[in-house]
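Each chain, letter by letter, is given below.
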Amino acid sequence: MTDSRKEDGSLGNLLDIEDVSKIYGPVKALQNVSLAVRPGEWAAIMGPSGSGKTTLMNIIGCLDSPSSGRVVLDGLSLDSLSSAELTAIRRESIGLIFQQFHLVSYLTALENVMVAQYYHSLVDEKEAREALENVGLGDRARHLPRQLSGGEQQRVCIARALINHPKLLLADEPTGNLDEANETVVMDILHSLHKQGSAIIVVTHAPEVASHAERTIVLEHGRVASDRQNASSSS
Amino acid sequence: MATSNRSFAWRLVFWSLLRRRSRLLVALTGVTIGATVLLGLITLCYDIPKQLSQEFRSYGANMVFVKAEVGGRLTDEDLDKVGSILPPDRLVGLAPFRYEPVRNNMLPYTAVGTSFQDVRRTSPFWQLNGAWPSGPGEILLGADVHEATKLVAGQRMTIDGRNSRQERYDQDFTIVGIVSTGGVEDGFIYMSLQDMGKMTREEGVADIVEASLTSGGEPLQSLADLVKGAHPAIDARLVTRVTRSEETVLAKLTWLVYLVTLVVLTLTMICVTTTMMTVVMERRREIGLKKALGAENKKIALEFLSEGIMLGVLGGLLGSFAGLLFARVVSYSVFGRSLNPEAHLVPITVAVSVVVTILASLWPVRRAVDVEPAAVLRGE
């Protein structure tokens, strides 16, 4: 893996996206997108369906590579990295929260958290249990996903995303499948994480979810239509 | 409780199999059936030659011994020498025969001196009407002699002739049974070797010795060569009409069993491959998730291969027990005999099952590591 930490002059930002485009055949999913995210910053990416939100999130999350442009994460250029190297960065630096939760159906809540430890380094059941307790699921550790509500599954997903102390938390529509009560619980957890210094990028189409962030980036037709600081994030 | 990565890896595999029982059962059934047929057929492969060899022994001797010297006669000592070389576990019987031209009522016949106890083992195809001779002076008539003389069991028969020194002899015997084989045996008069020795005043000699040996282990030709090598004065020959057909039938049957085994293994592999492919397709999202969480391809591959190995071990063990039962039922229903279970075949069957499931998992595993996490996580 190439460490460009010293060369790229981006030490001030956790994430630098420079002139990134992504083209799928005739479709231009992203066109010359540039933005930066500071350490500890909470940014929301909004936009209508097909605006390129998910594509941008996949590129930031090292799940996809741009057709052109440059992405620097924590001082490390992601250019020309192999699939295995991107996997390693994903494992070390990024926590992923999904709208569909994506829990392993045959593992308990505790094991779903431990599985992220297993792929990262070493499993630590005590730490995994603490992570579940931190999201209010200490008593649901031995339950299978089908025995948990949507909100509980999302909280397991958050505990799993946080267990390896990622530098960047990426959340794709984290409240998209939740009722209002559970949405509040999840947003409270994100607020708590933000206060502890985690950098968070939330992809959402819901203005009320975006309003929690410090900053809202709006994508339209694969381009950054606006990038503004929110007046004050709601808590 | 401390959990190591290795034990967690096994926990992943274990729960993946146990908590997805329906899919496990399909794959497990495939492997178990394959292992059942494999062990069953291999056990029969071991056992059929033994069983059939016993059946073939009912067709008579498959090896004969004569004196190498033309016109020479075998002695009791020669019989002991031959008996000491042939493997006792394969020796069904060893019967001496001595042929003498005799007469009855001026008509010529051939008298055969033998050991009735041994003949009953080497020539079980003899059909006897009456009783076997149990003491001195008792004889059997071949069916053709019985037709010619009209003598029956219970009547007496006078036999006369000349020995090799041209000395005349004659003696009365009691007929105790009529022998029928449909072959040359029907034309002889049978008496014990001792009676013939006393009658001709030439004891302790025989013209040929017939041996009935089961197959398995050293080929019959090698045994014959062994006897000839150890005792050049004795010539050992195979009864090729018996040995050839026995070898041919056994070889064809063995190949048939091997072929069926190969087909079954291929079908098992197809079944497991199909099931594993279905598993991979069903679990694309899970694989994508694991890759998104940072799982290396090697770990994904190991998880699937470990599942395959577990299936192979479990299916192999279940199949082994079912296979032994299957072989026992076949052996009993076809040959009417029970078979001895070959315990050492169980680990071999399990090992083959594991190899088959690993081979069958390779392609699905390759598909699994090719999963693009971004695509499957957005539901493509």
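Rules and cut-offs
Residues numbered from 1 in each chain as written. Chains lettered and ligands numbered in written order. Predicted model: local features only at pLDDT ≥ 70, side-chain atom pairs only at ≥ 80, totals over all residues. Helix = DSSP H or I, 4+ residues; strand = E, 2+ residues; numbered from the N terminus. Buried ≥ 20, exposed ≤ 12 C-beta atoms within 10 Å, placed from the backbone. Contact = placed C-beta atoms within 7 Å. Core = buried A, V, L, I, M, F, W, Y, C linked by C-beta atoms within 7 Å. Axes fitted to C-alpha atoms, helices over the stretch in contact; angles between N-to-C directions. Parallel < 35°, antiparallel > 145°, perpendicular 65-115°, else oblique. Left-handed = near helix turned anticlockwise from the far one by under 90°. Nonpolar A, V, L, I, M, F, W, Y, C, P; charged D, E, K, R; others polar. Pairing = 2+ DSSP bridges. pLDDT = per-residue confidence, 0-100. Expected span 1.5 Å × (residues − 1). Bend = angle between axes of the 7 residues up to and from the residue.

**Student:** Is there a simple way to explain the overall build of chain B in this structure?
**Tutor:** What chain B contains, in helices and strands, is twelve helices and twelve strands. Across the 380 residues in chain B, those meeting the buried criterion constitute 37%. A fraction of 82% describes how many contacts in chain B between residues 6 or more apart in sequence connect residues 24 or more apart.

**Student:** Honestly, the overall build of chain A in this entry has me stumped. Any pointers?
**Tutor:** Along chain A, the regular secondary structure elements total seven helices and ten strands. In chain A, which comprises 235 residues, the share counted as buried stands at 51%. For chain A, the share of sequence-separated contacts (at least 6 apart) that also reach a separation of at least 24 residues comes to 68%.

**Student:** Hey, could you run me through the nonpolar core in this one?
**Tutor:** Generally speaking, nonpolar side chains in soluble globular proteins are found buried as a group. In terms of nonpolar packing, the biggest core is built from 112 residues, with Val113(A), Leu132(A) and Leu170(A) touching the most fellow members. Of the residues forming this core, the biggest block, eleven residues, is contributed by helix α2 (residues 21-56) of chain B. Residues contacting Leu132(A), with those up to four places away along its chain left out, are Ala109(A), Leu110(A), Val113(A), Leu137(A), Gly138(A), Ala141(A) and Ala159(A). The next biggest cluster of nonpolar side chains, apart from the first, holds 42 residues, and it includes Ala61(B), Met63(B), Leu74(B) and Leu223(B).

**Student:** Honestly, the environment of Met57(A) in this entry has me stumped. Any pointers?
**Tutor:** Residues and elements named next belong to chain A. Structurally, Met 57 can be placed in helix α1 (residues 53-60). For Met 57, a count of 21 C-beta atoms within 10 Å corresponds to the buried category. With 39 residues separating them along the chain, Met 57 and Leu 96 place their C-alpha atoms 9.9 Å apart. If sequence neighbours within four positions are ignored, Met 57 has contacts with Leu 170, Asp 172 and Val 203.

**Student:** Any chance you could explain the packing of α2(B) against helix α11 (residues 345-369) of chain B here in plain terms?
**Tutor:** When two helices pack together, you describe them by how their axes are tilted relative to each other and by the distance separating the axes. Residues and elements named next belong to chain B. Between α2 and α11, the shortest axis-to-axis distance is 10 Å and the interhelical angle comes to 140°. Here α11 runs oblique to α2, going by the angle between their axes. In this structure, α2 meets α11 at a crossing whose hand is right-handed. Facing α2, whose interface residues are Val 31, Gly 34, Ala 35, Leu 38, Leu 39, Ile 42 and Thr 43, α11 presents Leu 345, Thr 349, Val 352, Ser 353, Val 356 and Thr 357. Residues that form the contact of α2 with α11 fall into these classes: eight nonpolar, five polar and no charged.

**Student:** Looking at this model, I keep getting lost on the interface of chain A and chain B. Mind explaining?
**Tutor:** On the chain B side, the residues contacting the 23 residues of chain A number 23 residues. Those elements that provide at least two residues to the side of chain A that touches chain B are α1, α2 (83-93) and α3 (109-120) of chain A. A total of six residues in the side of chain A that touches chain B trace back to one element, the largest contributor, which is α3(A). For the side of chain A that touches chain B, the residue count by class is 14 nonpolar, five polar and four charged.

**Student:** Explain the sheet that holds strand β1 (residues 15-24) of chain A here, please?
**Tutor:** Sheet strands pair via backbone hydrogen bonds, and the direction of the pair is either parallel or antiparallel. Residue and element names in this part refer to chain A. Read from one edge of the open sheet, four strands run β2-β1-β4-β5, paired in antiparallel fashion. The open sheet has two free edges, formed respectively by β2 (27-37) and β5 (76-77), since each of these has just one partner strand. Note: β1 against strand β4 (residues 68-73), five bridges, orientation antiparallel. Of the residues in β4, the one forming a bridge with Leu 15 is Leu 73.

**Student:** What is the right way to look at the confidence of the model for chain B in this model?
**Tutor:** Parts of the prediction with low pLDDT should not have their coordinates interpreted in detail. Summing up the model confidence of chain B, the mean pLDDT is 87 and the portion of residues at 70 or higher is 98%. If you check the scores for this complex, the pTM reads 0.68 and the ipTM reads 0.87.

**Student:** When you look at α11(B) in this model, what are you seeing that I'm missing?
**Tutor:** All names here are of chain B. Between its first and last C-alpha atoms α11 spans 35 Å; for 25 residues at 1.5 Å apiece the expected length is 36 Å, and the two agree. At Leu 362, α11 shows its strongest bend, of approximately 40°, with the proline Pro 364 following within four residues. Buried residues belonging to α11 abut α2, α8 (240-282), α9 (284-292) and α10 (297-335).

**Student:** So what exactly am I meant to see when it comes to the sheet that holds strand β7 (residues 168-172) of chain A here?
**Tutor:** Residues and elements named next belong to chain A. Reading across the sheet, the six strands line up as β6-β7-β8-β3-β9-β10 and stay open at both edges, with mixed pairing between neighbours. The sheet is open, and its two borders are formed by β6 (94-97) and β10 (223-229), each paired with just one other strand. Recorded for the sheet is a direction-independent mean angle of 15° between the axes of neighbouring strands. Bridge count for β6 against β7 is four bridges, and the pairing is parallel. Bridging from a neighbouring strand, Gly 95 pairs with Leu 169 of β7.

**Student:** How should I be thinking about unusual backbone geometry in this particular structure?
**Tutor:** Peptide bonds are trans in most cases, and residues, glycine excluded, mostly fall at negative phi. Phi at Asn32(A) is positive, roughly 50°, even though this residue is not glycine. Summarising the element assignment, Asn32(A) is placed in strand β2. A positive phi angle is found at Arg201(B), which is not glycine, with a value near 60°. In this fold, Arg201(B) is placed in the loop between α6 (193-200) and β10 (205-206).

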